[in-house]
Amino acid sequence: MLDHGAAPPVEESATRKTSALGALTRRKPVEQLVAEGGQGEGGSLRRSLSMWQLTMISIGATLGTGIFVVLGDAVPKAGPAVTVAFVIAGLTALFSALSYAELAGTIPVAGSSYSYAYATMGELVAWVCGWCLVLEYGVSVAAVAVGWGEYLNELLDGTIGVTIPDVLSSAPGEGGVINLPGLIVVLLAMVFLLGGARESAVVNTIMVFVKIAALVLFCAIGFMGFKSGNYADFMPLGMAGVSAAGASLFFSYIGFDAASTAGEEAKDPKRDLPRAIMLSLLIVTVLYVLVAAVAVGAWNWKDFDGSEATLAAIMNDVSGQKFWGTLLAAGAVISIASVVLTVLYGQTRVLFAMSRDGLVPKVFGKVNAKTGTPRVNTVLVSLFCGALASVIPLGKLVDATSIGTLFAFALVNIAVIVLRRTRPAMDRTFRVPLGWTFPILGFLFCVYNMFSLDAVTWVVFGCWMAAGLVFYFLYGMRRSRLATAASAASAEK
């Protein structure tokens, strides 16, 4: 006997499915994203950064461990063709940088690609992108901090003849108990960030000039030992080796997007963010290719395997004395510290934006009224990154960072296409040339590099994403500001 008072089960199920799908795909309007710019719990971020400072933040976040340390891990994979691997990684970064530049000039907010995804592809995709950014920024801070410790030991050895013992400077499993230098540099960066964005930008600018000077010095000294015979066997491990090296070296290019996380603290973000992103990528790419070419010309590619503080070691070998290598190590200690500073900055601003949207706890969105910075956010993120740096080996951190970054960049390229279709008349201070061609190429390059990473990295990435989805469905989905606003609107009807 039919119960005519009950709603048909099929329709009820369909309603629930429609409601759930709507929750996962709800978008945050661009106008709302921009209007909320700078607003946090208890205070607001301050607009104090010029185009020059934004460029320095981007260079500061990009130019560091990737060339000073990771080069030593990449050359054994690609041989002298590591220069080609840098170009492949650079092209991937270029296509994505063009997409970043367009979106940064259109949606100048702190969330970077997380906010772009929220405006174009919906809340679930935005959460996935933001979770990838947590992996990108948080883990890369740790990776850079580990590399910093290697050059600190080189500097100490060249100046006072002592080094920090392995038990205190290496991760468990690599002969140590804790990487104390990695922890220390993260905590030092935290102290600078707590002082304010403008003050941190001044310190970073000084560090950027030091690191560029150090790399120019390396090229000058290293070229003296250049041997063309080192390029004879140009691609000893074939294109597969170049691809593997390119995927790892993509780590060297992450950071240019750090400028986009400063969207709510820039004086003129619509004009300055696209310029800062493109200018910084150009400067970094030229330096990378030049340094890699000189390094492989000065050393046989087989000598790179197992080397630490690679550039300093090459300078010592070429010059026959420790002075130049020690001088480079001093520059590397300062310059790699700037990467920790700027990438840590980017991480805190992404979490700030996610907190404002209700997807992570409110504590990450609280702004100190005196300094105009998210202080509690900065302390919590610094302690997390410092803990990672103190116990996880460099190689694992690098690959985990690369896959998270490539995934986020792939979504940014898609976001450009979606926003052009849904909001074609929106004011854009920069447009990616040739229509959809470059965003599509950027997406394909990102996917290609992701599949060049090893299976272990994919397993780590899968576990990270699974943990993120569990957190979203248990916490973020219900506490989202869009969700609470929708509930309030329904209650009023």
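Above this text you will find the structure in question.
Residues numbered from 1 in each chain as written. Predicted model: local features only at pLDDT ≥ 70, side-chain atom pairs only at ≥ 80, totals over all residues. Heavy atoms only, no water.

A. Local environment of the overall build of the protein. Regarding its fold elements, the protein presents 20 helices and two strands. Within the protein, the fraction of its 493 residues that count as buried is 57%. In the protein, of all internal contacts separated by at least 6 residues, the share reaching a separation of at least 24 is 84%. Accessible area of the protein: about 19,000 Å², with a carbon and sulfur share of 68%. (Helix = DSSP H or I, 4+ residues; strand = E, 2+ residues; numbered from the N terminus. Buried < 20%, exposed > 50% of the residue type's maximum accessible area, 1.4 Å probe, protein only. Contact = heavy atoms within 4.5 Å. Areas by Shrake-Rupley, 256 points an atom, 1.4 Å probe, with all protein chains shown as cover.)

B. Just the environment of Phe-226, in detail. Mapping Phe-226 onto the fold places it in the loop between α11 (197–222) and α12 (238–249). When the C-alpha atoms of Phe-226 and Val-296 are compared, they prove to be 8.2 Å apart, with 70 residues separating the residues in sequence. In contact with Phe-226, not counting residues within four places along its chain, are Tyr-231, Ala-293, Val-294, Gly-297 and Ala-298.

C. A look at the packing of helix α3 (residues 51–62) against helix α13 (residues 269–298). One way to put it is that α3 packs onto α13 with a least axis distance of 8 Å and a crossing angle of 40°. Of the possible angle classes, the one that applies to α3 and α13 is oblique. Crossing hand, α3 versus α13: right-handed. Here α3 contributes Met-51, Leu-54, Thr-55, Ser-58, Ile-59 and Thr-62 to the contact with α13, which in turn contributes Asp-272, Leu-273, Arg-275, Ala-276, Leu-279, Ser-280, Ile-283, Val-284 and Tyr-288. (Axes fitted to C-alpha atoms, helices over the stretch in contact; angles between N-to-C directions. Parallel < 35°, antiparallel > 145°, perpendicular 65-115°, else oblique. Left-handed = near helix turned anticlockwise from the far one by under 90°.)

D. Spotlight on unusual backbone geometry. Located in the positive-phi region is Leu-434, a residue other than glycine, with phi close to 65°. With respect to the secondary-structure elements, Leu-434 resides in the loop between α17 (394–422) and α18 (437–450). Looking at Leu-434, the relative accessible area reads 59%, which means it is exposed.

E. Broad picture of the packing of helix α10 (residues 180–194) against helix α15 (residues 322–356). The contact between α10 and α15 brings their axes to 9 Å, and the two run at 60°. When the axis of α10 is compared with that of α15, the two are oblique. Here the hand of the crossing between α10 and α15 comes out right-handed. For the pair formed by α10 and α15, the contact residues are Val-185, Val-186, Ala-189, Met-190, Phe-192 and Leu-193 on the first element and Ala-337, Val-340, Leu-341, Leu-344 and Tyr-345 on the second. Looking at the contact of α10 with α15 residue by residue, the classes come out as eleven nonpolar, no polar and no charged. (Nonpolar A, V, L, I, M, F, W, Y, C, P; charged D, E, K, R; others polar.)

F. Molecular detail of the nonpolar core. Grouped together as the largest cluster of nonpolar side chains are 139 residues, with contacts concentrated most on Phe-68, Val-82, Phe-218 and Leu-311. Considering every element that reaches this core, the biggest residue donor is helix α8 (residues 123–159), with 20 residues. Each residue touching Phe-68, except ones within four places of it in the same chain, is listed here: Tyr-151, Ala-214, Leu-215, Thr-310, Leu-311, Leu-328, Ala-332, Ser-335 and Ile-336. (Core = buried A, V, L, I, M, F, W, Y, C linked by side-chain atoms within 4.5 Å.)

G. Expanded view of the packing of aromatic side chains. All chains considered together, the criterion is met by 20 aromatic pairs. A centroid spacing of 5.4 Å and a plane angle of 20° characterise the contact between Trp-127 and Trp-131, whose relative ring orientation is stacked. Taken together, the positions of Trp-127 and Trp-131, both in helix α8 and four residues apart, correspond to about one turn of that helix. Classification of Trp-131 by relative accessible area gives buried; the value is 15%. Pairwise contacts between aromatic rings join Trp-127, Trp-131, Trp-464, Phe-471, Tyr-472, Phe-473 and Tyr-475 into one cluster. (Phe/Tyr/Trp six-rings, centres within 6.5 Å; stacked < 30°, edge-to-face > 60°.)

H. Highlighting α3. The end-to-end C-alpha distance of α3, which contains twelve residues, comes to 17 Å, matching closely the 16 Å that a straight helix rising 1.5 Å per residue would cover. In terms of burial, α3 is largely enclosed, as ten of its twelve residues are buried. (Expected span 1.5 Å × (residues − 1).)

I. Layout of a nonpolar patch on the surface. Where nonpolar side chains cluster on the molecular surface, the patch consists of Val-167, Leu-168, Val-177, Leu-180, Ile-184 and Leu-188 and spans about 460 Å² of accessible area. Every element with two or more residues in the nonpolar patch is listed here: α9 (166–169) and α10. For the nonpolar patch, the leading source of residues is α10, giving three residues. Position of Leu-168 relative to the elements: it lies in helix α9. (Patch = residues over 30% accessible without salt bridge, like charges linked within 9 Å, V, L, I, M, F, W, Y side chains within 5 Å. Salt bridge = Lys/Arg side-chain N within 4 Å of Asp/Glu carboxyl O.)

J. Just the side chain of Asn-413, in detail. Tracing the sequence through the fold places Asn-413 in helix α17. Look past the residues within four positions of Asn-413 in its chain and what remains in contact with it is Phe-95, Ser-96, Ser-99, Phe-438, Pro-439, Gly-442, Phe-443 and Cys-446.

K. Fine view of the pattern of salt bridges. Taken as a whole and assessed by the stated rule, the structure comprises two salt bridges. Among the ionic pairs, Asp-157 bridges to Lys-322, the shortest N-O distance being 2.7 Å. Placement of the pair is Asp-157 in helix α8 and Lys-322 in helix α15, with a sequence separation of 165 residues.

L. Spotlight on the environment of Ala-276. Its location among the elements puts Ala-276 in helix α13. In this structure the C-alpha to C-alpha distance between Ala-276 and Ser-50, which are 226 residues apart in sequence, comes to 9.6 Å. Not counting chain neighbours up to four residues away, the residues in contact with Ala-276 comprise Met-51, Leu-54, Thr-55 and Ser-58.

Honestly, it's all geometry; don't read function into it.
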